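Report on the structure
What follows is each chain in one-letter form.
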2 protein chains.
Amino acid sequence: MVSIKDIAKKAGVSISTVSYALNGSSKVTDETCARILAIAKELDYTPNAAARTLKKRQTKIIGVFLTDFSGPFYGLLLQGIKEGLDRQGYEVIVCSGEQSHRFLPERMIDGAIVLDAAFSDKELLQHADRGHKIVVLDRELVHPNINQVLLDNKAGATLAAEHALDLGYRKLYVVTGPQASYDANKRLQAVKQVMDRVPDAEYTEIEGNFSKSSGEKAAERILQEYREPSAVLCLNDEMAIGVYNTVMQSEYRIGEHIHIIGFDNIELSAYMTPRLATIDYSKHKWGALAAEQLLKIISGEAVENERIYVTLVPGESIQLNERP
Amino acid sequence: MVSIKDIAKKAGVSISTVSYALNGSSKVTDETCARILAIAKELDYTPNAAARTLKKRQTKIIGVFLTDFSGPFYGLLLQGIKEGLDRQGYEVIVCSGEQSHRFLPERMIDGAIVLDAAFSDKELLQHADRGHKIVVLDRELVHPNINQVLLDNKAGATLAAEHALDLGYRKLYVVTGPQASYDANKRLQAVKQVMDRVPDAEYTEIEGNFSKSSGEKAAERILQEYREPSAVLCLNDEMAIGVYNTVMQSEYRIGEHIHIIGFDNIELSAYMTPRLATIDYSKHKWGALAAEQLLKIISGEAVENERIYVTLVPGESIQLNERP
DNA sequence: TTGTACGCGTTATCAA
DNA sequence: TTGATAACGCGTACAA
């Protein structure tokens, strides 16, 4: 590998001169600078990131930590993050799995954006204590080095539940999410709150884990118990799609016997016929805001926690209860 | 930050002893080793990746370069890559955009898996010339440091075209992909070859770019020209879905007037009603094989280029031509 | 076990 | 003002 030492030798100057020239410092004559750059190009020089990092103590890389690589809305979220960071010369890398957590303490990255329930609060706080900067998208953590950008789950779940009530349903099913999921818990809590306010409303919780197959399972039970048109609130769209699938294969029809509403408005949901009613929010904005907040805490600015607003997307998957 | 120097001081030993102890070398007494580890834990020591990399000249990180973060089959592909690399102690990072290309020459990563037409052949060959190890999934490049793991596009497109012919269609539309896409070109070429072999078959090319919207545009033209049931070969599923959308909103019906077959078998295609006929292949295996090949070339083993096999997934989106 | 050279770029200090 | 010397960051591995 060719290093600045090689360039210095060939140019007959010291390595520091080479370093200054490469970094466009004004400490070197334009002439010398040009000559050095020419030699660098000729020798096909590329800097060594490890050496630079060792001295500068920053990498200009931000790590995004996801539970897995296949989430249906990660694309837009990451796009938002990337756009937010690009402008400041930061690079994004996407990581998954516990092994990759080492990037933070080992200083391979200047900061982290976390959307992964498998990353424990305790570990995050430890990292933050050591001075690492983190933005979390899936929990509440109070620490000067941590900022939160959270979905307004409460508003979303409230919209969904009230939509079902408005349409005349009084017996609802709620297909829940994983125990460990912050979003799932917040959503469930909000649904409970709405239901508690309406005296004649009842709801049945069915355990789910945000996966399509857990939605399918939930649907089996719902179909077995079927007596009258009922509404199913799925705490995310993937489970809603699972419910969809199973109902589709039964004698019952969606939007007539079984009424469904989801959460997240993933791309797929727009393709369901009848269209899946769901809760929408801008994944792109979520990412962009996370990036912005992270850059701010890295640069030492004080920041407020942020919230992403949500809206109801109506769909034919849930329609007026004709015999309420 | 606490470094091995701090540990050495506290333990009253030299830094080299600390290094050996931390790396589990047999050159240190078990007792000393234990003491050092205890102190390391107490001081909350974490190694510095930059320093280690500088010396060892490897990072144990593999970079995957994608055009963007939102491809509909990236999830499974990345899962396959990750599983292939995990076992060998390698970490995966996912990168997108030209800026991130620097990771390779700057030695932030030990190797790259590339599925991004925006990464030019020239640049890849340059990196390979400098000794960097690369597996490409979307082009043919001959270089000792580069290996290919390619889809069998020819077989896939041939299957699709023959399926349409078998069902009695003699006038086909082909919605093409981006000029720069290797896969798109191979697929188109294979379709041409099949059509050329059948004397009474004709086909019309409609330019597409693998995006849903280009499929929608293609469909507009197809609908305008509609005279009799016709088959549309889309060189990927996203465009097929675009065609689907537009046809759905017209007076024509899919699988009756307009018959569609796609390529890739993305998750979404299973949800279309009628089901989209398409060409399937294992994205997971594709990734796993890419990982395996990369590890082999990194370790200096000779490797053969690999190919991923494909199968036809029938669907009601293309049915027997009843008046051939 | 330990001293120390090394990997490579950055930057403060000092000399011309 | 221009450029050279040298310390530094941190872990590794060889020689002693």
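Here the structure is a predicted model, which is why all the values come from computation and not from measurement. (Residues numbered from 1 in each chain as written. Chains lettered and ligands numbered in written order. Predicted model: local features only at pLDDT ≥ 70, side-chain atom pairs only at ≥ 80, totals over all residues. Heavy atoms only, no water.)

**A closer look at the overall build of chain A**
Looking only at helices and strands, one finds 11 helices and 12 strands in chain A. Relative to the 2.2 N^0.38 estimate, which gives 20 Å for 324 residues, the radius of gyration of chain A is 26 Å and therefore markedly larger than a compact globule would have. Principal-axis analysis of the C-alpha atoms places the extent of chain A at approximately 90 × 35 × 30 Å. For chain A, with 324 residues in total, the buried portion stands at 55%. Approximately 14,900 Å² of chain A is accessible, and the part contributed by carbon and sulfur atoms is 47%. (Helix = DSSP H or I, 4+ residues; strand = E, 2+ residues; numbered from the N terminus. Rg over C-alpha atoms; globule rule 2.2 N^0.38 Å. Buried < 20%, exposed > 50% of the residue type's maximum accessible area, 1.4 Å probe, protein only. Areas by Shrake-Rupley, 256 points an atom, 1.4 Å probe, with all protein chains shown as cover.)

**Examining the UniProt feature "domain: HTH lacI-type" (unreviewed entry) in chain A**
Here the UniProt feature "domain: HTH lacI-type" (unreviewed entry) sits at residues 2–56 of chain A. As annotated, residues 2–56 of chain A comprises 69% helix and 0% strand, and the C-alpha atoms at either end are separated by 21 Å. (UniProt positions renumbered as here; feature names shortened; annotations may be inferred.)

**What about the protein's contact with DNA strand D?**
Taken together, 29 residues surround DNA strand D, and among them S16, T17 and R57 of chain A together with Y20 and Y45 of chain B come closest. For DNA strand D, the backbone portion of the atoms within 4 Å of the protein, that is sugar and phosphate, comes to 58%. One nitrogen or oxygen atom from the side chain of N23 of chain B is found 3.1 Å from a phosphate oxygen belonging to DNA strand D. Separating a phosphate oxygen of DNA strand D from a backbone N or O atom of N48 of chain B is a distance of 3.2 Å. Listing elements by their share of the surface near DNA strand D, those giving two or more residues are α2 (15–22) and α4 (49–56) of chain A together with α2 (15–22) and α4 (49–56) of chain B. For the surface near DNA strand D, the class distribution of residues is 10 nonpolar, 12 polar and seven charged. (Near = heavy atom within 4 Å. Polar contact = N/O pair within 3.5 Å; in protein donor to acceptor, adjacent residues only side chain to side chain. Nonpolar A, V, L, I, M, F, W, Y, C, P; charged D, E, K, R; others polar.)

**Topic: the interface of chain B and chain A**
Counting residues at the interface gives 45 residues for chain B, matched by 45 residues for chain A. Summing the contributions of chain B and of chain A, the shared interface buries around 4,000 Å²; its carbon and sulfur component is 60%. Contact with chain A buries surface across chain B, with F69, R130 and Y271 of chain B losing the most and accounting together for 17% of the total. Inspection of the chain B/chain A interface yields six salt bridges. In this structure, R52 of chain A and E106 of chain B form a salt bridge, with 3.2 Å as the shortest nitrogen-oxygen distance. Put simply, the parts of the chain that give the side of chain B that touches chain A at least two residues each are α4, α5 (74–86), β2 (91–96) and α10 (237–248) of chain B. In terms of residue class, the side of chain B that touches chain A is built from 20 nonpolar, 13 polar and 12 charged. (Contact = heavy atoms within 4.5 Å. Buried area = accessible area lost by both parts, 1.4 Å probe. Salt bridge = Lys/Arg side-chain N within 4 Å of Asp/Glu carboxyl O.)

**So, the relation of the copies chain B and chain A**
Of the transformation placing chain B onto chain A, the axial shift is 0.1 Å and the rotation is 180°, giving an RMSD of 0.1 Å. What the rotation and shift describe, once combined, is the action of a two-fold rotation axis. Looking at chain B, 100% of its interface residues are interface residues in chain A too, so the copies touch through the same face. (Least-squares fit on C-alpha atoms with pLDDT ≥ 70 in both.)

**Details of the sheet that holds strand β8 (residues 230–234) of chain A**
Within a beta sheet, neighbouring strands are joined by backbone hydrogen bonds and run either parallel or antiparallel to one another. All names here are of chain A. Across the sheet, which stays open at both edges, the four strands sit in the order β7-β6-β8-β9 with parallel pairing between neighbours. Strands at the two margins of the open sheet, each flanked by one partner only, are β7 (202–206) and β9 (258–261). The mean angle between the axes of side-by-side strands here comes to 25°, regardless of whether they run parallel or antiparallel. Of the strand pairs in this sheet, strand β6 (residues 171–175) and β7 are connected by five bridges, and their pairing is parallel. Residue pairing in the sheet places Y173 in a bridge with T204 of β7. On top of the sheet, helix α7 (residues 153–166) reaches β6, β8 and β9; it is set at about 175° to β8, its chief contact. (Pairing = 2+ DSSP bridges. Axes fitted to C-alpha atoms, helices over the stretch in contact; angles between N-to-C directions.)

**What about the pattern of salt bridges?**
This model, assessed by the stated rule, comprises 36 salt bridges over all chains. A salt bridge links D121 of chain A to R139 of chain A, with the nearest nitrogen and oxygen atoms 2.8 Å apart. With D121 of chain A in helix α6 (residues 121–129) and R139 of chain A in the loop between β4 (133–136) and β5 (146–151), the pair connects residues that are 18 residues apart, well separated along the chain. The exposure class of D121 of chain A is partly exposed, given its relative accessible area of 34%. Within the structure, one salt-bridge network assembled from shared partners comprises R52 of chain A together with R102 and E106 of chain B.

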